[in-house]
Amino acid sequence: MQNLVIIAVIVIIVGLAVSYIHRGKKSGKKCIGCPERCMCDANKKEGKCASGCSDIK
């Protein structure tokens, strides 16, 4: 029974992650998960955020 609960929790977490990525890509985001959302001021001139994200929107 414990195994089923653990498996269900893992499946839910993975499903939510996949859903988040799918919605992000569908809405046209170039860099899903970029902590600065590709809007960091320090690196706008270079086209990259500190996290390595490119294609600033």
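Up top is the structure these notes are about.
Residues numbered from 1 in each chain as written. Predicted model: local features only at pLDDT ≥ 70, side-chain atom pairs only at ≥ 80, totals over all residues. Heavy atoms only, no water.

A. Focus on the overall build of the protein. Regarding its fold elements, the protein presents one helix and zero strands. Within the protein, contacts between residues at least 6 apart in sequence are counted, and of these 13% link residues at least 24 apart. Counting only carbon and sulfur atoms, one obtains 62% of the accessible surface of the protein, whose full area is about 4,800 Å². (Helix = DSSP H or I, 4+ residues; strand = E, 2+ residues; numbered from the N terminus. Contact = heavy atoms within 4.5 Å. Areas by Shrake-Rupley, 256 points an atom, 1.4 Å probe, with all protein chains shown as cover.)

B. View of helix 1 (residues 2–26). The end-to-end C-alpha separation of helix 1 is 36 Å, in line with the 36 Å expected for 25 residues at 1.5 Å each. Just downstream of helix 1 lies G28, where phi reads positive at about 95 degrees. (Expected span 1.5 Å × (residues − 1).)

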